[in-house]
Amino acid sequence: MVEATRSIIETRQLTKTFRDFWLREKVTAVSELDLDVRAREVFGLLGPNGSGKSTTLKMILGLLFPTRGQIAVFGKRPTDVATKARIGFLPEESYLYPFLDAYETLDFYGRLFHQPRPERRRRIEMLLEMVGLKAVGYRRVGEYSKGMQRRIGLAQALINDPDLLILDEPTSGMDPIGTRQIKDIILTLGARGKTVLLSSHLLADVEDVCDRVCILYGGKTRRTGPVDELLARQDRTQITTDRLDEATLDRLREAIRAAGRRVLDVDHPRDRLEDLFLRIVREAQQQKVATGGALADGKVAEFLQSGAEAGEALIEKLVKQAEPVEQPPAEQEPPPPPQPAREVLESLTAEKPAVPPAPEPGRPAAPSKPSADERVDRDVIGDLLGGERPRKDEGDA
Amino acid sequence: MRSIWAVARQTFTECSRRKVAAVSIALLVVLLGGLPFYAVGDGTLSGRIRTQLDYSTIMITVLLGVVTLILSVSVVCDDVSTKRIFLVAAKPIHRWQYILGRWVGVVVFLALLVAAACILSYGLAQYLRGQQTNPDDRRTIETEVFAARARVSPESLEPRVQQYIRQRIESMGPQRYEEAVKAFLGSSEGGSLAAAEQALQKELRKQALQALQSVPPSAPPGGRPLVWRFQGVNVAGAEVRAAAEVVAIHPNDPLIRFRVDPLLVGQMSFGGPVRVEGVDARIYDLGRDTVDVMFLRPDDMKRGAVAGLKPGRDATLVVEPMIQITYKPVPQGDAPGGVLFSEWQVINPKTNEVYYENRNDPVRLPATLSVPGRVVSEDGEVVVVYYNRVSPGTGAGTSVKMAWEDMAVLYRVGGFEWNFVRGGLMILIQMMFLAGVGILTGSFLSFSVAFVVSLLVLPLGLMRGFLTDAVRVPTDAFGGVEGAGETLERVGLVLANYMVRLVNAVLPDFSSAMPGDSLVDGMLISWSQLGAVSLYAVGVRVTIALGVACLVFRKRELARVQV
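Small disclaimer: the values here were computed from a predicted structure and weren't measured.

**Describing the overall build of chain A**
Tallying secondary structure elements over chain A gives 15 helices and 9 strands in all. Going through the 397 residues of chain A one by one, you find that 48% of them count as buried. Here chain A displays about 20200 Å² of accessible surface, and carbon together with sulfur accounts for 51% of that area.

Here it is in structure tokens:
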């Protein structure tokens, strides 16, 4: 057994080989994987189909047993029941009981966490409100669309307010609202000091929320590190500001040239399609346009937010009441990720005070992380994924 | 425990919302509901009720048995094949809790189904019970169907058989005995001296049984009787004494109708003994609050206080406990008119009180003789004496064989209702076992394979006794000299024998756990019998089945991919 460390998930030389009917080794899905998911970080497992992401997650959850190597989750075996009380899991598809309605589904999973009935009911109400299915909560899950089932899947993963949230392709089958909501939840939980491990091949999703990523190919690690470090192009600088007149642009060009640098491109930034879509749907909801689908208001359930109601202490108390598990000593806050150098930018904008962009209404403020367009070099990931180079519109979808 | 209950609740909901449950309930309602109308038995009302009870228990067992297997196999198999198990297994629950919860959920659901089916069957039996019929049939219904009776067999015949054989051998003398053995030596298969002697003993035994169980016809008084001694007869309840108002006195027959407390009617049985003002009589008919009493002889109406009875006056009725003697007379020749005449004396060996009755019974059919419980001694002993009588009219008769195994004393120890409940529980116990088997196979096989394997359990369990007999190995299976073909055949037989032994060890004997026969004959299904079946079928076998299922499931990779 791996010794307990600050890592929430730790794998050493983790290998999984699938065999055929005659027990002959046929496919090595994961090979000698060393993984460390630290406390309070959002960690992404990236890789193309068949790279071993889901197999790794299933071994972490005890659904598969390693052929070789070791796994520790919260310092214990993956099959340890007390450990599982602290985990929330959303599989790649929502494997739900079709004959139960949404309330019964969440009630069943809540019971498995031994949650007292009043607390269970409170959480179910909040989660259904959060995923926008309260109005159809008494319909059987089997009648739901795939996206609606994913939302119920997400709700069940959060019913225990998990310390570790494991998401396998979390945005698969989700509409942009659901996708945005999952990202918001991840960011909220991350801000609360929870640990999130997600696997995806949708690079924009990972990029938006992850602190660190591990890129897998053929069951082996190709690259691991903080997203910012992996994506930052140290030889380029990008400036985003309010619209500038030609005179100002000329002064800027001149200043750049004076610094001995070239101006490669000056253009107007485009709005993201995701933002446009969300704005249109929000308008429709405000006009109360009829729909039989999900009606998410975009708000994260109170019990999942820091400081909601009677505060974090109350939530922690309730979680402890519901989960007969000894909590480990509080994890230390990891050091903040390194920020890119800003000297050049500051010197260039010294004449005009920088105006920070106003946060979008109705969305929780994300941690102070540069937006995707400021720091993305998609070619890095594309190269690592074997030449699969995502287009701009794909990444933003 | 809470995790097990959470899974059990979910399983119950799952089972109740499956189409197979709805279809099986509809089938049960149609099949059971129609039984009273298409299953007529021997044409009598008691026959219809017996057929209804018998068929309904078989239908409930078989139909719900199949439903049990479908549900128990699928609840685990489906979770794995649809990957729903990923979500459950990722929650804080041990796998053994999941398996146990699944079993409990299926069993609770089946308990409801069995209860519903039994209530339906009971209601139909009561509906039939309320139909009109003749007094004899009514007596059969009330005393032999809607009752829970204990059975006592007579003392073993074996000592008398051994004595008979000894006497025969002694009378033969050593020389004739040796000759007889030699005669059997030629006919015996093995050819050994021991086998020939065994065959002679077998023949002598056959003759002893024939001689000791048969009796020639005789005219009264006197003749050779057959005597049985019974021990351990515990007549339930003390006699009940109550006041009864005379409603009417029959002008010609020794018959009086009394009005009694309805609760007293519940203590009475058709044909049962009763004393009116100290005079022996029989219950002829029962109403809701009336009882018709018939005196044994016409002049009884003029004896003692009975003579003074008039409509409107009160009399003292004493209802005695009753015992029944069942037998099956088999004529050894032609019975005149298909009827056998007999004289019975039932004796209390301690007080020497004797109960007499002359009877005429149809041949080869089981018959019942009801006698007052006072013929049973305080320590539960009773002696029954039988005379085979010639026809009073013609003086003709034939020898009669009364097989020991057909003789029994029956006595009421409880009501039909609780017996029926225990019968239902017995069916449920079988379902619990089948659910355990279904969960076990479903824990490591695909649905189709697991269902087929589990389905084999039902007929194998029902045919256990038949299989054991079919592959019984001769005691000298490997003895003597024989060819290669014979050796192969015998080896095959021995292997089959071991297979059957394995089946017997693994499966409970469903045929002995079927309550139909007991309910049809009004025989007691005791709590101890139920407890023994529970312990054996559920306590041991289900624990083993679920234990293995938990072990297998614990070691199983739930997200395993076959490549």
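**Focus on the pattern of salt bridges**
All names here are of chain A. Scanning all chains against the criterion turns up 39 salt bridges over all chains. Between Asp-161 and Arg-192 there is a salt bridge, and its shortest N-O distance comes to 3.0 Å. Residue Asp-161 is found in the loop between α5 (146-158) and β6 (164-168), and its partner Arg-192 is found in the loop between α6 (176-191) and β7 (195-200); the two are separated by 31 residues along the sequence. For Asp-161, a relative accessible area of 0% gives the class buried.

**Some remarks on the sheet that holds strand β12 (residues 339-347) of chain B**
Residue and element names in this part refer to chain B. As summarised here, the arrangement of the 4 strands in space is β3-β15-β12-β13, forming an open sheet in which the pairing is antiparallel. Each edge of the open sheet carries a strand with a single partner, namely β3 (225-230) and β13 (354-362). Direction aside, neighbouring strands of the sheet carry axes that sit 20 degrees apart on average. With 9 bridges connecting them, β12 and β13 associate as antiparallel partners. Each bridged residue has a counterpart across the sheet, and for Ile-347 the counterpart in β13 is Val-354.

**Re the layout of surface pockets**
All names here are of chain B. Taken as a whole, the second largest pocket encloses approximately 880 Å³ of empty space. Lining the second largest pocket are 28 residues, and of these Arg-50, Glu-144, Pro-366, Ala-367 and Thr-368 lie nearest its centre. Per-element tally for the lining of the second largest pocket: the top contributor is helix α6 (residues 135-145), with 5 residues. Of the residues assigned to the lining of the second largest pocket, the class counts are 7 nonpolar, 8 polar and 13 charged.

**Some points on the interface of chain B and chain A**
Listed as interface residues are 34 residues of chain B and, on the opposing side, 34 residues of chain A. Together, the buried faces of chain B and chain A total about 3400 Å²; carbon and sulfur atoms form 64% of this surface. Put simply, chain B and chain A have 2 salt bridges between them. Put simply, chain B and chain A have 10 residue pairs in polar contact (both at pLDDT 80 or more) between them. Elements with a contribution of two residues or more to the side of chain B that touches chain A: α1 (2-16), α4 (84-89), α5 (95-129) and α15 (527-555) of chain B. Here the side of chain B that touches chain A gets 8 residues from one element, more than from any other, and that element is α1(B).

**Description of the nonpolar core**
Counting 163 residues, the largest nonpolar core has A:Leu127 and A:Met130 as the members making the most contacts within it. Per-element tally for this core: the top contributor is helix α10 (residues 416-442) of chain B, with 14 residues. Residues contacting A:Leu127, with those up to four places away along its chain left out, are A:Leu106, A:Ala155, A:Leu158, A:Ile159, A:Ala301, A:Phe303 and A:Leu304. Listed in part, the 41 residues of the second largest apolar core include B:Leu212, B:Ile325, B:Val346 and B:Val382.

**Digging into the packing of helix α3 (residues 45-81) of chain B against α5(B)**
A pair of packed helices can be characterised by two numbers: the angle between their axes and the separation between those axes. Residue and element names in this part refer to chain B. Viewed as axis vectors pointing N to C, α3 and α5 meet at an angle of 165 degrees, and their least axial separation amounts to 10 Å. Considered as vectors, α3 and α5 are oriented roughly antiparallel to each other. Relative to α5, the crossing made by α3 is right-handed. Across the contact of α3 with α5, the residue classes tally to 20 nonpolar, 5 polar and 4 charged.

**Remarks on α1(B)**
Its 15 residues give α1(B) an end-to-end C-alpha distance of 21 Å, which sits within 8% of 21 Å, the value for a rise of 1.5 Å per residue. The set of residues buried in α1(B) consists of B:Ser3, B:Ile4, B:Ala6, B:Val7, B:Ala8, B:Gln10, B:Thr11, B:Thr13, B:Glu14 and B:Cys15. Residues of α1(B) that are buried sit in contact with α3 (102-112) of chain A together with α2 (19-38), α3, α4 and α5 of chain B.

**Quick look at the packing of aromatic side chains**
Within the structure shown, the criterion is met by 19 aromatic pairs over all chains. On the basis of an interplanar angle of 20 degrees and a centroid distance of 4.4 Å, the ring pair of A:Tyr103 and A:Tyr138 is categorised as stacked. Of the two residues, A:Tyr103 sits in helix α3 while A:Tyr138 sits in the loop between α4 (117-131) and α5, which places them 35 residues apart along the sequence. A relative accessible area of 13% places A:Tyr103 in the buried class. Owing to a relative accessible area of 64%, A:Tyr138 belongs among the exposed residues under this scheme. In this structure an aromatic cluster arises from ring pairing among B:Trp228, B:Tyr327, B:Trp344, B:Tyr386 and B:Trp404. The ring of A:Phe74 has A:Arg86 lying over it, and the distance from NZ or CZ to the ring centre is 3.8 Å. A cation sits over an aromatic face here: B:Arg129 above B:Phe146, 4.1 Å from the ring centre.

Thresholds, definitions, all that
Here, residues in each chain are numbered from 1, in the same order as that chain's written sequence. To read the labels, note that chains go from A and ligands from 1, taken in the order they are written. Local features in a predicted model are, by the rule used here, given only for residues with pLDDT of at least 70; side-chain atom pairs are given and counted only at 80 or more, and totals for whole chains, interfaces and linings are based on all residues. Hydrogens and water molecules were not included; the side-chain quantities draw on all heavy atoms of the structure. For helices the rule is a DSSP run of H or I covering at least 4 residues; for strands it is a run of E covering at least 2, with both sets numbered from the N terminus onward. To sort residues, take the accessible area from a 1.4 Å probe on protein chains only and compare it with the maximum for the residue type: under 20% means buried, over 50% means exposed, and anything in between is partly exposed. In short, Shrake-Rupley with a 1.4 Å probe defines the accessible areas, and a residue's cover is counted only from the protein chains shown. For salt bridges, the criterion is a side-chain nitrogen of Lys or Arg within 4 Å of an Asp or Glu carboxyl oxygen. Two strands pair if DSSP finds at least two bridges between them. Angles shown run from 0 to 180 degrees and are taken between the N-to-C directions of axes, each axis being a line fitted to C-alpha atoms and, for helices, limited to the stretch in contact. Points on a 1 Å grid over protein atoms alone make up a cavity when a 1.4 Å probe fits among them but cannot get out, and a pocket when they form an open set with protein on both sides within 12 Å along at least five of seven lines; lining residues each have an atom within 4 Å of a point. Grid points are joined across faces, edges and corners, and a volume is the space filled by probe spheres set on the points. As a working rule, the residues Ala, Val, Leu, Ile, Met, Phe, Trp, Tyr, Cys and Pro are called nonpolar, Asp, Glu, Lys and Arg charged, and the rest polar, with Gly in that last group. Contact between two residues is taken to exist if any of their heavy atoms lie within 4.5 Å; hydrogens are not considered. Summed over both partners, the accessible area lost on bringing two parts together, with a 1.4 Å probe, is the buried area. Pairs of N or O atoms within 3.5 Å make up the polar contacts considered here, provided that, within protein, one atom can donate a hydrogen while the other can accept it, and that residues adjacent in sequence are counted only when both atoms are side-chain atoms. By nonpolar core we mean a set of buried residues, namely Ala, Val, Leu, Ile, Met, Phe, Trp, Tyr and Cys, connected to one another through side-chain atoms within 4.5 Å. When an angle is under 35 degrees it counts as roughly parallel; over 145 it counts as roughly antiparallel; between 65 and 115 it counts as roughly perpendicular; any other value is oblique. Note: crossing handedness is left-handed where the near helix turns anticlockwise from the far helix by less than a right angle, and right-handed where it turns clockwise. An expected span of 1.5 Å times one less than the residue number is assigned to each helix. Side-chain rings of Phe, Tyr and Trp, where Trp is taken by its six-membered ring, are said to pair if the distance between their centres is within 6.5 Å; with planes under 30 degrees apart they count as stacked, over 60 as edge-to-face, and otherwise as tilted. We call a charge positioned above a ring when the Lys NZ or Arg CZ atom is no farther than 6 Å from the ring centre and deviates by at most 35 degrees from the ring normal.

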